[in-house]
Every structure is written in C-alpha cells, then in structure tokens.
Amino acid sequence: MMLAATTAAVLVTMALALVRALMGPTVYDRIVSVNAFGTLTVVLIAVHGFLTGRPEFLDIALAYALITFIGVIAVTKYVTMTPGMRPGRGDDKGDL
Amino acid sequence: MDLLVDILSGMLLAGGSILALIGAVGIIRLPDVFARMHAGGIIDTMGAGMILAGLMVQSGFTLVTVKLFLIFAFLFYTTPTATHALAQAALKSGLTPKIQGDSDEEDVPSKI
C-alpha cells in the first residue's frame, strides 16, 4: 500500500515538474524540470520493480539514471553553443 | 522485527514523497531560474534518496540493496553536477540571479 502511495506522489510530482516545463520562460527552466522529471522516472521504475516483485527493474532504473545525466549535460551544452537560443541578450526569452 | 522494517520503510517512503512534492512546488513557484535549481536539487538528492532508502530497508541485505545503493550514489553525485553545468550555462548566457530589491516581475534578465 505504501508503495502505491509513493507511486502516486511521484506521479503528481512529475506532473508538477511538467507544468514548469510548459510555463518556463527561459530554456533553462525547461532543462531544470526535465532533469527533475528524469530523476523521478528512475524512482518510479525502482518503485514499480518493487510493486511487481521483479528486481530486474533496478537495472533499468540504473541505466536510465545514467542516460538522464548524459542527456541533461548534452542539452545544456547544445543550448550554450547555439547562438540563437540564449536568453538575456535582448528581450527575447531565447526560447527553444 | 518485520513490523519494524515496515514502519521504517513506510516512514522513509512517506518522507521521500513529501520532499519530492515540496521540491515540485518549489520548482513551480520560485521566481528565478537559479532559485528553481534549488528546488530541483531537493527532488534529486533528498526526495529520491529517501524513497530509495525506504526500498533498501524493505529489501534487507540482498543484491537488490546493492543495486539500490548504486542508483542512489550515482544520482547523488551526478545531478548536482548537471545542475552546476546548467547554472554555469545560464550565467554565461547573461541571466543573472535576482538579488533582493530587484524588479519582481518574473525572470526578466536584469541588464547590467
């Protein structure tokens, strides 16, 4: 039962993080919320593995954690290198 | 002993979920990108950490616990690094943190 409650809380947290991704004025807000979303996916996979009693899910969660980190760093580097996307130069929000 | 494990893991899971929710509310309501990174940090390190700790308590001394600890250790070291890289990129792009007394409309990069 406790695991189901945790799953519900994690899903609500993911929805709230997505709200900031949609509302976020600058591209960096979006990256922050996607980073939180990825970490929560890792937790969700681990909890789901426990719910269904299948420990193999933890390998998937670990792999997903690796990928999320690389993804965030790649997107940050991409946004930094691309001239048109950086806010703060003028009044544009530098949105993706 | 079994009751103790249930209570402890229940409390850890509940604490982790509450912290994740607090972090999510923080991500939405805080006025500035750099403040939102704090909230994102809460979700990544303590929220996920306590939930994983709750699962660790449930699984006892098995290989599952080792995997859970690896996930926790990895998340614990890499998400702050990712947030640091993000803050660096945001600063380099001209966004400056909102200092007390700045104009309070949300997230207009202050022109120095």
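Look above for the structure.
Presented here is an overview of the structure given in this document. Keep in mind that what you see is a predicted model, and the values were worked out from it rather than measured.

### Thoughts on the packing of helix H1 (residues 2-29) of chain B against helix H2 (residues 33-59) of chain B
All names here are of chain B.
Thinking step 1. At a minimum axis distance of 8 Å, the contact between H1 and H2 shows a crossing angle of 165°. Comparing the axis directions of H1 and H2 gives the class roughly antiparallel. Classified by chirality, the crossing of H2 by H1 is left-handed.
Thinking step 2. Residues that form the contact of H1 with H2 fall into these classes: 17 nonpolar, ten polar and one charged.

### So, a nonpolar patch on the surface
Thinking step 1. A cluster of nonpolar side chains, contributed by Leu3(B), Ile7(B), Leu8(B) and Met11(B), occupies part of the molecular surface with about 410 Å² of accessible area.
Thinking step 2. Relative to the elements of secondary structure, Leu3(B) occurs in helix H1.

### Regarding empty space enclosed by the protein
Thinking step 1. In the structure shown here, the tally under the stated rule is two cavities of 30 Å³ or more.
Thinking step 2. Of the volumes computed, that of the largest cavity is approximately 60 Å³.
Thinking step 3. Lining of the largest cavity is provided by Val32(A), Asn35(A), Ala36(A), Met37(B), Gly40(B), Gly41(B), Asp44(B), Thr83(B) and Leu86(B).
Thinking step 4. Counted by class, the lining of the largest cavity contains four nonpolar, four polar and one charged residues.
Thinking step 5. Estimates place the volume of the second largest cavity at around 50 Å³.
Thinking step 6. Taken together, Asn35(A), Thr39(A), Ala65(A), Thr68(A), Phe69(A), Val72(A), Phe74(B), Leu75(B), Thr78(B), Thr79(B) and Ala82(B) make up the lining of the second largest cavity.
Thinking step 7. Breaking the lining of the second largest cavity down by element, the ones donating at least two residues are helix H2 (27-51) and helix H3 (57-81) of chain A together with helix H3 (63-92) of chain B.
Thinking step 8. By residue class, the composition of the lining of the second largest cavity is six nonpolar, five polar and no charged.

### Here we look at the interface of chain B and chain A
Thinking step 1. At the interface, 45 residues of chain B touch 43 residues of chain A.
Thinking step 2. Run the count over chain B and chain A and you get two salt bridges.
Thinking step 3. When the shortest N-O distance is used, the salt bridge between Asp29(A) and Arg36(B) registers 2.4 Å.
Thinking step 4. Between chain B and chain A we count five residue pairs in polar contact (both at pLDDT 80 or more) in total.
Thinking step 5. When residues of the side of chain B that touches chain A are traced back to their parent elements, those giving at least two are H1, H2 and H3 of chain B.

### Looking at helix H1 (residues 2-23) of chain A
Thinking step 1. Between its terminal C-alpha atoms H1(A) stretches 32 Å, which fits the 32 Å expected from 22 residues at 1.5 Å a residue.
Thinking step 2. Turning to H1(A), its buried residues number three or more, namely Leu3(A), Thr6(A), Thr7(A), Ala9(A), Val10(A), Thr13(A), Met14(A), Ala17(A), Arg20(A) and Ala21(A). Down the axis of H1(A), the buried side of the element spans an arc of 165°, and every buried residue falls inside it.
Thinking step 3. In the core, the buried residues of H1(A) are packed alongside H2 of chain A together with H1 and H2 of chain B.

### Notes on the layout of surface pockets
All names here are of chain A.
Thinking step 1. In this structure, the largest pocket encloses a volume near 200 Å³.
Thinking step 2. Together, 13 residues line the largest pocket, and Ile 31, Val 34, Gly 71, Val 72 and Val 75 are the ones closest to its centre.
Thinking step 3. For the lining of the largest pocket, the residue count by class is nine nonpolar, three polar and one charged.

Procedures and definitions
- Residues numbered from 1 in each chain as written.
- Chains lettered and ligands numbered in written order.
- Predicted model: local features only at pLDDT ≥ 70, side-chain atom pairs only at ≥ 80, totals over all residues.
- Heavy atoms only, no water.
- Axes fitted to C-alpha atoms, helices over the stretch in contact; angles between N-to-C directions.
- Helix = DSSP H or I, 4+ residues; strand = E, 2+ residues; numbered from the N terminus.
- Parallel < 35°, antiparallel > 145°, perpendicular 65-115°, else oblique.
- Left-handed = near helix turned anticlockwise from the far one by under 90°.
- Nonpolar A, V, L, I, M, F, W, Y, C, P; charged D, E, K, R; others polar.
- Patch = residues over 30% accessible without salt bridge, like charges linked within 9 Å, V, L, I, M, F, W, Y side chains within 5 Å.
- Areas by Shrake-Rupley, 256 points an atom, 1.4 Å probe, with all protein chains shown as cover.
- Salt bridge = Lys/Arg side-chain N within 4 Å of Asp/Glu carboxyl O.
- 1 Å grid on protein atoms, 1.4 Å probe; cavity = no way out; pocket = protein on both sides within 12 Å on 5 of 7 lines; lining within 4 Å.
- Points joined across faces, edges and corners; volume = space filled by probe spheres on them.
- Contact = heavy atoms within 4.5 Å.
- Polar contact = N/O pair within 3.5 Å; in protein donor to acceptor, adjacent residues only side chain to side chain.
- Expected span 1.5 Å × (residues − 1).
- Buried < 20%, exposed > 50% of the residue type's maximum accessible area, 1.4 Å probe, protein only.
- Arc of directions from axis to C-beta.

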